[in-house]
Amino acid sequence: MDLSQLFRDHLAKVTDSAARTLSETKYDALVLGAGSQMVYYADDMEPPFRSNPHFAGMAPLKGPHHAIVVKPGVKPRLIRWAPKDYWYERAPFAQDFWTSEFDLDEADSADGVMARIGPVGKAVFVGDDETRATAAGFTVNPPDVVKRLDWDRATKTAYEIECLSRASAAGASGHLAAKEAFLKGESELGIHHAFLRGAGASEDLLPYPTIVCLDEKAAILHYHAKRSTGSGRALLLDAGASHLNYGCDITRTSVAPSADAKFENLVKDLDALQLRLCAMTKAGTSYVEIHLAAHREIGLLLIQHGVLKCSIDEAISKRYTSVFFPHGIGHHLGIQVHDIGGHQKAREGGVLLPPAEHPYLRNTRVMEVGHVFTIEPGIYFVQMLLEPHRAGPTSGAFNWDLIDALAPYGGIRVEDNVVVTASGHRNLTREVLAN
Ligand code: GLY
Ligand code: MN
Ligand code: MN
């Protein structure tokens, strides 16, 4: 599919919403800075560069210091930072599907980019280069502007959904290759390399570092060490790929033939449970409903499998489900893997805090057509969370023999990426990765 028309429509929507924000906040122009490159202290090495997500949402141009100028009624300008430099690749600015939508300009220094912006009236700057932007006379990152931009970014255009869909296809290829490596008995590092090769990705272009967990490591929610040497009986792989700044966020839990059937059955049932939660996606309903349903469903599953020995009401009211499912059901997804704005109440302001007993829930918004988020229930055997119950008065509600038999498998997570549509939802992940 040719992206040109999709991008044209995307840019029209983004510039329209920027114009609305400018009119509501009484500014004449919006300047988006791509961002500055961080250099490690006392070093000349840099971490991989990530663009200001507001900039990245308007142009898929990599690298620091570029600027975009949006002035209502005028074609958007893009001023590219193009230093004269033979240390790094400084490719000429090639025509691409999106470049004709901008008036293009160049400068060979960050100061030069700022100077090329010229007089644009009362302008607001959004980005990290506060010193240069302030010196240029711009108002920098005012909350009344930024919250509106954040809010608008939650609703994805067809172009963005196509990018997320392409990222999902690459991510799915990575997951399939990684599963094959796991079943061959490869190490966590080997599985990571298989994912990269399958996704056609280099490490610095991943939306987030891969989480490759063999066996008990799956109980560490963000385990990055890749130390286990192989022949695992279970693999939890949380890994995504990117397409033009947009990343997918996919988790699958796989079992080897040597795995205990009790764990395998739990994996199968959590997968079915995850699809029931995806089916709850509905414009006009709060995303918190999905999170609360996840607790109830996970509680019922733990009781059915004999892990908990209590009623569902007790499992919820005494928060036993949070012992096994200690994170939120998901988060907005887009340019950032935890995309911005998940706790916003309205475009103009206000905060929707998560329920007090679920502080890690990153999205509390009412679902709208075009929102994209993850749905990622999990069941883990985290010793730190289990121990207070093992020794305490609540011990009788837990089946410790079964918990000790399952704990060497660490845990299970199933994570898909879902778009809210007028008729329900589109599951970008299952389109390319059945389970
Ligand atoms: N990959 C991080 C997360 O699922 O939120
Ligand atoms: Mn996620
Ligand atoms: Mn994830």
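Please refer to the structure higher up on the page.
Summarised in this report is the structure supplied together with it. (Residues numbered from 1 in each chain as written. Chains lettered and ligands numbered in written order. Predicted model: local features only at pLDDT ≥ 70, side-chain atom pairs only at ≥ 80, totals over all residues. Heavy atoms only, no water.)

Let's talk about the site of ligand 1
For step 1, the next point in the chain: Ligand 1 sits among Tyr208, His222, Asp238, Asp249, His331, His338, Glu376 and Glu415.
For step 2, the next point in the chain: Between a nitrogen atom of ligand 1 and a side-chain N or O atom of Asp249, the distance comes to 3.0 Å.
For step 3, the next point in the chain: Glu415 places a side-chain nitrogen or oxygen 3.1 Å from an oxygen atom of ligand 1.
For step 4, the next point in the chain: Coverage of ligand 1 by the protein amounts to 94% of the 200 Å² it exposes when considered alone. (Near = heavy atom within 4 Å. Polar contact = N/O pair within 3.5 Å; in protein donor to acceptor, adjacent residues only side chain to side chain. Areas by Shrake-Rupley, 256 points an atom, 1.4 Å probe, with all protein chains shown as cover.)

Comments concerning the environment of Lys309
For step 1, the next point in the chain: For Lys309, the location among the structural elements is in the loop between α9 (288–304) and α10 (312–317).
For step 2, the next point in the chain: The class of Lys309 is exposed, set by a relative accessible area of 51%.
For step 3, the next point in the chain: Spatially, the C-alpha atom of Lys309 lies 6.6 Å from that of Asn399, the residues being 90 residues apart in sequence.
For step 4, the next point in the chain: If we skip the residues at most four places from it in the chain, Lys309 touches Gly396, Ala397, Phe398 and Asn399. (Helix = DSSP H or I, 4+ residues; strand = E, 2+ residues; numbered from the N terminus. Buried < 20%, exposed > 50% of the residue type's maximum accessible area, 1.4 Å probe, protein only. Contact = heavy atoms within 4.5 Å.)

Regarding the sheet that holds strand β6 (residues 139–140)
Backbone hydrogen bonds hold the strands of a sheet together, and the pairing may be parallel or antiparallel.
For step 1, the next point in the chain: Sheet architecture is open: six strands sit in the order β4-β3-β2-β1-β5-β6, paired in mixed fashion. Two strands lie at the open edges of the sheet, namely β4 (103–107) and β6, each paired on one side alone.
For step 2, the next point in the chain: Examined bridge by bridge, strand β5 (residues 123–126) and β6 share two bridges and lie parallel to one another. If you follow Phe125 over to β6, its bridge partner there is Val140. (Pairing = 2+ DSSP bridges.)

Examining the state of the cysteines
For step 1, the next point in the chain: Using the criterion set out here, one finds zero disulfides in the structure.
For step 2, the next point in the chain: Cysteine Cys248 is unpaired, with the sulfur of Cys163 as its nearest cysteine sulfur at 12 Å.
For step 3, the next point in the chain: The structure places no disulfide on Cys278, whose sulfur is separated from the nearest cysteine sulfur, that of Cys248, by 15 Å. (Disulfide = S-S within 2.5 Å.)

Focus on the coordination of the manganese ion (ligand 2)
For step 1, the next point in the chain: The protein atoms that coordinate the manganese ion (ligand 2) are Asp249 (OD), His331 (NE2), Glu376 (OE) and Glu415 (OE), at distances spanning 2.0 to 2.2 Å.
For step 2, the next point in the chain: Of note, the manganese ion (ligand 2) draws all its donor residues from one chain, in the sequence arrangement D-x81-H-x44-E-x38-E.
For step 3, the next point in the chain: Separating the manganese ion (ligand 2) from the manganese ion (ligand 3) is a gap of 3.3 Å, bridged by Asp249, which donates to each. Here Glu376, found in the loop between β12 (372–375) and β13 (378–380), pairs with Glu415, found in the loop between β14 (411–413) and β15 (416–421); they are 39 residues apart in sequence, far enough to count as distant. (Donors = N, O, S within 2.8 Å, 3.2 Å for Na, K, Ca; no water.)

Brief notes about the pattern of salt bridges
For step 1, the next point in the chain: Taken as a whole, this structure holds 27 salt bridges when the rule is applied.
For step 2, the next point in the chain: Two residues, Glu180 and Lys184, come together in a salt bridge whose shortest N-O distance is 3.8 Å.
For step 3, the next point in the chain: The class of Lys184 is exposed, set by a relative accessible area of 62%.
For step 4, the next point in the chain: For Asp416, the salt bridge identified is with Arg252, shortest N-O distance 2.8 Å. With Asp416 in strand β15 and Arg252 in strand β11 (residues 250–255), the pair connects residues that are 164 residues apart, well separated along the chain.
For step 5, the next point in the chain: Overall, Arg252 belongs to the buried group, its relative accessible area being 7%. (Salt bridge = Lys/Arg side-chain N within 4 Å of Asp/Glu carboxyl O.)

Section: α9
For step 1, the next point in the chain: Compared with an ideal rise of 1.5 Å per residue, which puts 17 residues at 24 Å, α9 spans 24 Å between its outermost C-alpha atoms and is within 8% of the ideal.
For step 2, the next point in the chain: Listed in full, the buried residues belonging to α9 are Val288, Ile290, His291, Ala293, Ala294, His295, Ile298, Gly299, Leu301 and Leu302.
For step 3, the next point in the chain: The inward-facing, buried residues of α9 contact α8 (261–278), α10, α11 (321–324), β12 and β13.
For step 4, the next point in the chain: Looking one or two residues beyond α9, the residue adopting positive phi is Gly306, at roughly 80°. (Expected span 1.5 Å × (residues − 1).)

Fair warning: the whole summary comes from geometry, so function is off the table for now.
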